[in-house]
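Report on the structure
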Amino acid sequence: MKLVVIGAHRERNDVEPLAEAIAVSDLWLSGMAVEESQPLGDRDLLLRVAKTRAALLDRATFVAIRYGFTAHGESEAMAKCAAHIDRWRRVLNDFRDCVEMTLKVAAAAPRARPDRHDFESGAAYIRALHEATRATDVAPEFRKAVDDTLAPLAVKYRWSNRDTSSLEFAALVKRQNVDAIDDAGAALKRDFPSVPFLLSGPWPLEVFADDHE
Amino acid sequence: MSDADEELSLLETLDHLLDRGVVIAGEAVVSIGDVDLLYLGLNVVLANVDAIIRTSQPKQRQ
């Protein structure tokens with residue numbers, strides 16, 4: 001058997017009985033046990049993990065671990081996670097009552113994605129792709145409205161260019177502000193009916209788990 | 001919830017599962033057949049943007 005790891009948690013009770021708890025130092029990983037031969041790309045497994053992830057977040061905030069990490073027990077998990085433990089502990093202590101919300105918005109004028117066949121080197125292609133992504137932006141009035149209405153409800157927030165056709169506003173918010181964020185999103189929908197965007201969450205600590213000091 | 005909303009919700013959930021969170025060094029490459037899930041994740045993101053546009057502007061698409 002192997003454990004598909006879902007997240008890092010502060011308390012054992014945050015994990016059990018929803019998932020298997022694996023001790024790593026004074027923290028806990030949540031895992032879902034599957035047969036060794038189980039392909040991780042299996043659709044049903046993906047959906048089971050997604051469902052368990054949501055149930056765990058209902059219980060308590062945790063640090064999300066990217067899908068695909070597996071472990072066979074405490075010693076292996078500890079060996080692979082040792083470099084992250086101190087940061088996870090700080091994040092979990094500081095943001096225990098927070099969750100993340102994201103707002104994805106389609107670019108006002110999507111940039112054409114560079115065609116890799118137009119470039120002689122991979123480096124030149126990557127640079128062009130990065131430039132095209134960085135140059136993508138949303139309508140200024142929509143961005144200002146998000147900054148004026150959603151951002152003040154967040155503990156931290158960040159705009160990021162995800163690709164040549166969309167941007168994302170990610171916010172770390174206290175759980176008691178989730179409804180206010182949803183209300184602000186509904187107001188944006190009314191005020192900007194022609195701007196395609198999606199406000200979603202709550203999510204575990206994903207965007208803000210890596211850069212907290 | 002409409003079918004379009006359910007599709008969007010599923011895509012968004014998979015996008016967060018496949019493309020977010022802490023990456024652990026030494027993580028196994030996840031693949032379906034010969035398709036790396038990294039690319040599947042990218043496709044989910046692209047499909048997600050497309051789905052946002054479709055569900056946000058249903059009348060313009062009809």
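Residues numbered from 1 in each chain as written. Chains lettered and ligands numbered in written order. Predicted model: local features only at pLDDT ≥ 70, side-chain atom pairs only at ≥ 80, totals over all residues.

**Notes on the nonpolar core**
In summary, soluble globular proteins display a tendency toward joint burial of nonpolar side chains. Residues A:V5, A:V63, A:I65, A:L150, A:A171, A:V173 and A:L205 are the most contacted members of the largest nonpolar core, which totals 65 residues. Two domains each provide a minimum of three residues to this core, namely domain 1 (2-94) and domain 2 (98-203) of chain A. Filtering out sequence-adjacent residues up to four positions away, A:I65 remains in contact with A:V5, A:I6, A:G7, A:A8, B:G21, B:V22 and B:I24. (Core = buried A, V, L, I, M, F, W, Y, C linked by C-beta atoms within 7 Å. Buried ≥ 20, exposed ≤ 12 C-beta atoms within 10 Å, placed from the backbone. Domains from an automatic or database assignment. Contact = placed C-beta atoms within 7 Å.)

**With respect to the packing of helix α5 (residues 140-149) of chain A against helix α6 (residues 178-191) of chain A**
Two packed helices can be described by the angle between their axes and the distance between those axes. Residue and element names in this part refer to chain A. At a closest axis distance of 11 Å, the pairing of α5 and α6 adopts a crossing angle of 155°. Between α5 and α6, the angle falls in the class roughly antiparallel. Pair α5 / α6 crosses with right-handed handedness. Between α5, through A145, V146 and T149, and α6, the contact on the second element is made entirely by A184, A187, L188 and D191. A class-by-class count of the residues in the contact of α5 with α6 yields 5 nonpolar, 1 polar and 1 charged. (Axes fitted to C-alpha atoms, helices over the stretch in contact; angles between N-to-C directions. Helix = DSSP H or I, 4+ residues; strand = E, 2+ residues; numbered from the N terminus. Parallel < 35°, antiparallel > 145°, perpendicular 65-115°, else oblique. Left-handed = near helix turned anticlockwise from the far one by under 90°. Nonpolar A, V, L, I, M, F, W, Y, C, P; charged D, E, K, R; others polar.)

**Overview of the domain arrangement of chain A**
What the domain assignment reports for chain A is domain 1 (2-94) and domain 2 (98-203). Placing a centre on the C-alpha atoms of domain 1 of chain A and another on those of domain 2 of chain A gives a separation of 28 Å.

**Details of unusual backbone geometry**
Residues and elements named next belong to chain A. Omega for the bond connecting E16 with P17 falls within 30 degrees of zero, at 5°, which places this linkage in the cis form. Checked against the element boundaries, P17 lands in the loop between β1 (2-9) and β2 (20-24). The linkage connecting G201 with the following residue, P202, adopts the cis geometry, with an omega of 5°. Position of P202 among the secondary structure elements: in strand β9 (residues 197-203). The residue S25 is not glycine, and still its phi comes out positive at about 55°. By secondary structure assignment, the location of S25 is in the loop between β2 and β3 (27-34). Judged by the 12 C-beta atoms lying within 10 Å of it, S25 falls in the exposed class.

**Some remarks on helix α3 (residues 85-94) of chain A**
Residues and elements named next belong to chain A. For α3, the complete set of buried residues consists of W88, V91 and L92. One face of α3 carries all of its buried residues, which in axial projection span an arc of 95°. Across α3 from its buried face, at more than 90 degrees, point the exposed residues D86, R90 and N93. Buried residues along α3 sit in contact with β1, β3 and β4 (63-64). (Arc of directions from axis to C-beta.)

**Here we look at the sheet that holds β9(A)**
Residues and elements named next belong to chain A. Spatially, 4 strands are ordered β7-β8-β6-β9 in an open sheet, and the strand pairing comes out antiparallel. Taken across any chain shown, the strands that pair with only one partner, and hence form the sheet edges, are β7 (156-161) and β9. Pairs of neighbouring strands in the sheet enclose a mean axial angle of 15°, with direction left out of account. Where strand β6 (residues 98-106) meets strand β8 (residues 166-174), 9 bridges bridge the pair, whose relative direction is antiparallel. Note that in β8 the partner of L103 across the bridge is F169. Packed onto the sheet, α6 meets β6, β8 and β9 and runs at close to 15° relative to β6. (Pairing = 2+ DSSP bridges.)

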